[in-house]
Amino acid sequence: MATEAEVQPRPLKADAIKLDVKIKFADDLRRLKLDVLGTDDSPIPIAGYYTPCNHPKVPGIFTIRPESLAPSSVNTFGSLLVPGTLINTNNMLGFQNLDVASLLREEGKKILHDILSGKIEECPSLLLRFLVISFADLKNWKVYYNVVFPSVFGSKMTLLSLHSASKVLSQEEATSLSKSMEEWRGSNDTTVHPFFWVDISSDSSVVVRQLKDWNDRQGGGQKLLFGFYDHGCHKDYPGWPLRNYIAFLSLRWKIEKVQFLCYRETRRRGLDLENSLIGEASFAAPHGWDGSDYVPEVIGWEGETPGDGRKGMKIKSIDLKPLSPESQVEEQQLMHLKLMGWRHFPVNLDKLCGTQCLVLGAGALGCEVSRLLMTWGVRKLTVVDGGCVAMPDLVKQSLYVEKDCGVPRATAIVPHLKERCPAVEVEGIPMEIPVPGNPVSPSVLDDCRRLQTLVAKSDVVFLLTDTWESRWFPTLLCANENKIAITAAVGYESYLVMRHGARPGKRSGGMDDVIAHIQNLSPEDALGHQRLGCCFCNEKTSLFNSVSNETVALPGLTSIASGKAVELFARMLHHPEGIHAPGDIAGMDTEHQLGLLPHQMQGSLPKCVLSTVTGNSSNDCIACSDVVLSEYRRERLDFIMKVINKPTYLKDLTGISNRLINSDTCLNLPASFPVNSGKLSSVKCLILGAGTLGCDVARILMDYGVRKLTVVDSGRVVASNLARQSLYTRNDLNAPKATAIVKHLKERCLSVDEEDVKEKIMEIPMPGHSVSDKEVDRVRNDCKELQKLVATHDAVFLLTDTRESRWLPTLLCANENKIAITAALGYDSYLAMRHGAGPGTNSEGSNVVPAMTMSAEDVIGRKRLGCYFCNDVIAPVDSVSNRTLDQQCTVTRPGLAPIASGHASDLFARMLNHPDGIHAPADIAGTTSERPFGLLPHQIRGSLSSYNILTLLGYSSSSCIACSDVVLSEYRSRGMDFVMQVINEPTYLEDLTGLTELMKSADYSRVEWVDDVDDDDEFAEIC
């Protein structure tokens, strides 16, 4: 070796590793989080790819690539696979609160352990180990991250000399080393090891050896160099891995002075003598380093100054929005279904996306069902309808606007569905469904053939037409083809949702399974189950012409029926027996995560009941009985024409008695609900929240006749909202929700006064969301604005998506004695409730100044009903920041929101028409009411998994954090100062109301409501 010049010893400085995190890795991490990891934030192994410098002015790059998440044992050309760890947190707060100093210490301890245990000899790349901490923001398509390359004992190391390899090695040594390194890098067995040792003999020959061969060395060469792949290109500093290597050599092999080789190469992977460095360094091991509890000095976070913790670190981020924007829209629209799998049920998206659904009827039911099917992930729809959009349809039928008037519904519905879900394949077919008893049109045979084809190529058929007889031919075809059929029908104040049973004696399948002209059919299905009935199996009359009868239903009814129909479909599609699944009854036990699968659901709004009914197929059914199916298979369309031209033909064929027996459906029209249209049109409603619930409630209220609405929301429309939140379209993307919803409401109700439907873009101040000094004035103004809004409206709907955002409106409504309606969603359960009147105040207006001493009764002497917070024993706090995405997004089954919205709107209408209004006592299902509008409960709680409805009664609590005397008195005394204190100190409410002492004296965290009905645990956390 050539003679080295002496240099002044100095602390060993190292060139930091240059990192490149590929955008595709970030996207794959996002997918992994959404599809696989869910709420799991435990560390996972990953790999990085390290390369030595191959350019004199450009350092080697450490890359984290898509394959880092599922690394193979094979190194890619020119890169070394390095083991690492990924900690991906569930939210931004969790990411920001990670103890990076502690994590770094743990990584340093791992390196020290690997050195002392001998693992480094077997796997040298462990000296390059790294740690990634990250947060994949699934909603905003960003990944935040920081990376650490832990380096131990750096301050204890001294650089004694450093020179270019070309100035240290003789020509012979350089030639021999170049050849040996070329062989090392060219072998798959050795190139994977970034640390090695070089034995230079007296004859200038060079041997490069693996670390594991150290104990097998024979004698000693003239010189030993300890080499490593150096990513750096700096001539005055070696690369970052040297420190850990020196620690290993000193602590494991007891080498006091280390002569090292910083191996840098040319573009052709040969030794770059000019750029490579040879130097010497020493290391003074600290006292106690070999102790079992010793924690080494360690640095390595990017941008970190030792001792400053995270102060010098800058959070890095990768924006994924530029990646394929169109596919992002679809992924955002399916995200809520994937989030369901995090805690509840793994949705079979492939099955849903591939299911061909045929929707017969594009009216009120058809619009809602089509939209809800898209929210469940269905992407293949065919919609059939023979009517045209009329002006009265605009409010009742959720998708249509003024420009659609006069256009066939089947044509008009297509662009509205595409506006909400660009990925859906939808075909609209304007066509009359042939019905028995109606005059034969010239195109009836073509229509029959077309309907036959449509049913045959579909997987599921929804029967949503507005006459009973128009369901007959589709029911017959579904029975013949063994297709899943779902019927939803509404009466004036009641509804029926049911699935049809399988056909007799055949397993479901495609057209190859269909055997025509079967004469002897079994009363059982292909699995040997007793066949469930169709929608005509309990209809004992022959069909008749009822086209002239208009379907009149309470406005919320179609939303409820549609939600239940789509949920029944999703449950059936995920059942292992599919169309052959037996019918469940409410109260039965089930192990399936989507709950029960009933045959029929019959509900009544005035009675507040939901019944699950199972009915077997009838031998004399006019649509699916053996005799009818056999006759159809024998005569095909000739049979259909006989039925159309002679309705009594079916009665004769099936042997039905001429005695007419009442249908066992729930669709008979009762006496009219005495709607006070003048009162509804003049009432001023304030809607807080323009999301899924807000869109549905606002539209249903306008259908009821409400014409004065103010909508409050601070959010903007995003792609994931489009199908789930019924009023928004792609044209609304990035627009304020409050602005968009008002525009769409006006489109659907042309008679509304322009000034009577208003928007207010503002955030509702919330406890637990502390306010900085800069925000105090804005938040105070928001509080005063909300105070004014509540005071100037007659009814307030609390439809926001967090518990804490309902606190201030609840307080204000109790203070002003305003009607307050809350609708809230769980995963598969819902709550619709009315708040009780304020304590001992007059309900005539907000100008009444209540007494400071308040009564436990309302103004007419009745015990006050509770508010939304009356059963809480903890104050509302920030429920978003430190929660997982599925909790932040209120992940619910898609059919739940329209059901809750329908009940909330109906509850409001009944309350408004009650003579006692806000002071009306609460009714319980099962009791009788002489009032024509039926029962008026306090709370309605329902479950989609168990298919039950509970009407609950809860009285106001003396320690309620929102409507109790002590809270109202404090608010009236201190005003906004009180509100600001609650916002910044949410536990103040617990101290004020005595809940703090209550919790200390009792071992519980939740007080159950006292009522006449046994509550169910699943309703404990409805919000």
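Here the structure is a predicted model, which is why all the values come from computation and not from measurement.

## A short note on the sheet that holds strand β31 (residues 948-952)
- Sheet architecture is open: eight strands sit in the order β26-β25-β24-β27-β28-β29-β30-β31, paired in mixed fashion. Each edge of the sheet is formed by a strand with only one pairing partner; in this case those strands are β26 (757-761) and β31. This sheet shows a mean twist of 15 degrees between the axes of neighbouring strands, independent of strand direction.
- Sheet topology note: the strand β28 (residues 819-825)/strand β29 (residues 829-834) ladder contains five bridges and is antiparallel. The residue bridging isoleucine 821 from the neighbouring strand is arginine 834, located in β29.
- Running at roughly 170 degrees to β26, helix α21 (residues 737-748) makes contact with β25 (708-713) and β26 of the sheet.

## Points about the pairing of strand β13 (residues 277-283)
- Judged by how many residues are buried, β13 sits mostly within the fold: seven of seven residues are covered.
- Neither face of β13 is left uncovered, since the one carrying Leu277, Gly279, Ala281 and Phe283 and the one carrying Ile278, Glu280 and Ser282 both have all their residues buried.
- The pairing of strand β8 (residues 157-164) with β13 spans seven bridges and is classified as antiparallel. Across the sheet, serine 164 pairs through a bridge with leucine 277, a residue of β13.
- As judged from the six bridges shared by strand β12 (residues 257-263) and β13, these two strands associate in the antiparallel manner. In the sheet register, valine 258 faces β13, and the bridge partner there is alanine 281.

## Considerations on the packing of helix α14 (residues 472-481) against helix α17 (residues 637-645)
- Two elements in contact, α14 and α17, have axes separated by 12 Å at closest approach and are oriented at 155 degrees. Classed by the angle they form, the pair α14 and α17 counts as roughly antiparallel. The element α14 and its partner α17 pack so that their crossing is right-handed. Across the interface between the two elements, Trp472, Phe473 and Leu476 of α14 pack against Phe639, Ile640 and Val643 of α17.
- When grouped by side-chain class, the residues that make up the contact of α14 with α17 number six nonpolar, no polar and no charged.

## Describing the packing of helix α26 (residues 965-974) against helix α27 (residues 976-984)
- Running from N to C, α26 and α27 cross one another at 120 degrees; their axes reach a closest spacing of 6 Å. Taken together, the axes of α26 and α27 lie oblique to each other. From α26, Val967, Glu970, Tyr971 and Arg974 reach across to α27, where they touch Met976, Asp977, Phe978, Val979 and Gln981.
- For the contact of α26 with α27, the residue count by class is five nonpolar, one polar and three charged.

## Topic: the packing of aromatic side chains
- Tallied over the full model, the rule gives 27 aromatic pairs.
- Seen in terms of ring centroids, tryptophan 472 and phenylalanine 639 are 6.3 Å apart; in terms of plane orientation they differ by 50 degrees. Their pairing is tilted. Here the residue tryptophan 472 occupies a position in helix α14, and phenylalanine 639 occupies one in helix α17, the gap between them amounting to 167 residues.
- Ring pairs connect the aromatic residues Phe195, Trp197, Trp214, Phe226, Phe228, Tyr245, Phe248 and Trp253, which therefore count as one cluster.
- For arginine 185, the ring lying beneath its charged end belongs to tyrosine 229, and the centroid distance is 4.8 Å.

## What to know about the sheet that holds strand β18 (residues 425-430)
- Ordered by their spatial adjacency, eight strands build an open sheet running β18-β17-β16-β19-β20-β21-β22-β23, and the pairing between neighbours is mixed. Pairing within the sheet leaves two strands with one partner each, and these edge strands are β18 and β23 (609-613). Ignoring which end each strand starts from, the neighbouring axes of this sheet average 15 degrees apart.
- Relative to strand β20 (residues 484-490), strand β19 (residues 460-463) runs parallel, the two sharing four bridges. Along β20, the bridge assignment pairs leucine 463 with threonine 487.
- The strands touched by helix α12 (residues 409-420) within the sheet are β17 (380-385) and β18, with β18 carrying the most contacts at an inclination of about 165 degrees.

## Remarks on the pattern of salt bridges
- Taken as a whole, this structure holds 41 salt bridges when the rule is applied.
- Across the pair lysine 338 and aspartate 35 runs a salt bridge, and its minimum N-O distance is 3.2 Å. With lysine 338 in helix α8 (residues 325-343) and aspartate 35 in helix α1 (residues 23-37), this pair connects stretches of sequence that are 303 residues apart.
- Look at aspartate 35 and you get partly exposed, because its relative accessible area is 45%.
- One salt bridge in this structure joins aspartate 906 and arginine 910, with 2.5 Å as the shortest N-O distance.

Quick notes on the rules
Residues numbered from 1 in each chain as written. Predicted model: local features only at pLDDT ≥ 70, side-chain atom pairs only at ≥ 80, totals over all residues. Heavy atoms only, no water. Pairing = 2+ DSSP bridges. Helix = DSSP H or I, 4+ residues; strand = E, 2+ residues; numbered from the N terminus. Axes fitted to C-alpha atoms, helices over the stretch in contact; angles between N-to-C directions. Contact = heavy atoms within 4.5 Å. Buried < 20%, exposed > 50% of the residue type's maximum accessible area, 1.4 Å probe, protein only. Parallel < 35°, antiparallel > 145°, perpendicular 65-115°, else oblique. Left-handed = near helix turned anticlockwise from the far one by under 90°. Nonpolar A, V, L, I, M, F, W, Y, C, P; charged D, E, K, R; others polar. Phe/Tyr/Trp six-rings, centres within 6.5 Å; stacked < 30°, edge-to-face > 60°. Lys NZ or Arg CZ within 6 Å of the ring centre and 35° of its normal. Salt bridge = Lys/Arg side-chain N within 4 Å of Asp/Glu carboxyl O.

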